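# Secondary and tertiary structure notes
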Amino acid sequence: MPAKKVITKEKILATAVKIVRQSGYAALNMRTLAQACKCSTQPIYLSFSGTTELREEIAKEVLNIFNGYLGREVASGKYPEYKAVGMGYIRFAKEEKQLFKYLLMNEGISRTDMQNKSFDDTVFMLVKKYGMYKDDATKLHLQMWIFVHGIASMFATGYIDWDEETVSGMVTDAYKGFIKNLKGE
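The structure presented is a predicted model; accordingly, all values stated were derived computationally and were not measured. (Residues numbered from 1 in each chain as written. Predicted model: local features only at pLDDT ≥ 70, side-chain atom pairs only at ≥ 80, totals over all residues. Heavy atoms only, no water.)

### What to know about the overall build of the chain
Helix and strand counts for the chain stand at 9 helices and 0 strands. The helix and strand sequence of the chain, counted from the amino end, reads α-α-α-α-α-α-α-α-α. Expressed along its principal axes, the backbone C-alpha trace of the chain runs to roughly 70 × 30 × 25 Å. Looking at the chain as a whole, 43% of its 185 residues qualify as buried. Considering only intrachain contacts with a sequence separation of at least 6, the fraction spanning at least 24 residues in the chain is 62%. Roughly 10700 Å² of accessible area belongs to the chain as shown, and the carbon and sulfur atoms make up 54% of that amount. In the chain, 26 side chains carry a positive charge and 21 a negative one; their mean positions are 5 Å apart. (Helix = DSSP H or I, 4+ residues; strand = E, 2+ residues; numbered from the N terminus. Buried < 20%, exposed > 50% of the residue type's maximum accessible area, 1.4 Å probe, protein only. Contact = heavy atoms within 4.5 Å. Areas by Shrake-Rupley, 256 points an atom, 1.4 Å probe, with all protein chains shown as cover. Lys, Arg positive; Asp, Glu negative; His and termini not counted. Charge placed at Lys NZ, Arg CZ, Asp CG, Glu CD.)

In structure tokens, the structure reads:
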């Protein structure tokens, strides 16, 4: 009878995400992961075909956490849907600094198809929900993403610690300004 697998792929992945969440991507390597799992590196290499697969799985898991932030913000109904996406993005950076850096500041991964899909989905939402032309929606979302990403990056690096009301007001002002610009006003 083969030996029972004690260290599962799921446990390894959860531990890897925990390391990134607590200490950043630079702290993650096979040795630290094995120590955190209380095993040798062998179960890691048996569970994942290599570091590339492990990184891809970590990225998917962190993206799921990120999408949870966006979804919860939208579901709260506190803001209009598009603004809620931006506020969720900023909240993720504020509360999950290391995961934000890993996912959205290229500390662990480069821009992925998953991130491109997220951008495209948001543009589609603007077209569908707000009746915008695709080019205008793309331009607006790119401008808003740059603005929101700047605020989020400052939260993630500890440069600022503004209250939600201040951030909300700034996001609204930027949105109104970009909309006026699109309308040629």
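### Some remarks on the environment of Ser40
Position of Ser40 relative to the elements: it lies in the loop between α2 (30–37) and α3 (42–47). Only 3.2 Å separates the side chain of Ser40 from the backbone nitrogen of Gln42, close enough to count as a polar contact. (Polar contact = N/O pair within 3.5 Å; in protein donor to acceptor, adjacent residues only side chain to side chain.)

### A closer look at the nonpolar core
A general trend in soluble globular proteins is that nonpolar side chains are found buried together. Among the nonpolar cores identified, the biggest contains 56 residues, and Leu33, Ile58 and Phe92 are the most heavily contacted of them. Secondary-structure elements contributing two or more residues to this core are α1 (9–23), α2, α4 (51–76), α5 (81–95), α6 (97–104), α7 (113–130), α8 (134–156) and α9 (164–182). Looking at this core element by element, the count peaks at 9 residues for α4. Setting aside anything within four residues of it in sequence, one finds Phe92 in contact with Val62, Ile65, Phe66, Tyr69, Lys97, Leu99, Phe100, Leu103 and Leu104. (Core = buried A, V, L, I, M, F, W, Y, C linked by side-chain atoms within 4.5 Å.)

### Side note on the pattern of salt bridges
Throughout the structure, instances matching the rule amount to 9 salt bridges. The closest approach of N and O atoms between Arg21 and Glu96, which form a salt bridge, is 2.9 Å. Taken together, the residues span a long stretch of sequence, with Arg21 in helix α1 and Glu96 in the loop between α5 and α6 at a distance of 75 residues. You can call Arg21 partly exposed: its relative accessible area is 34%. Classification of Glu96 by relative accessible area gives buried; the value is 12%. (Salt bridge = Lys/Arg side-chain N within 4 Å of Asp/Glu carboxyl O.)

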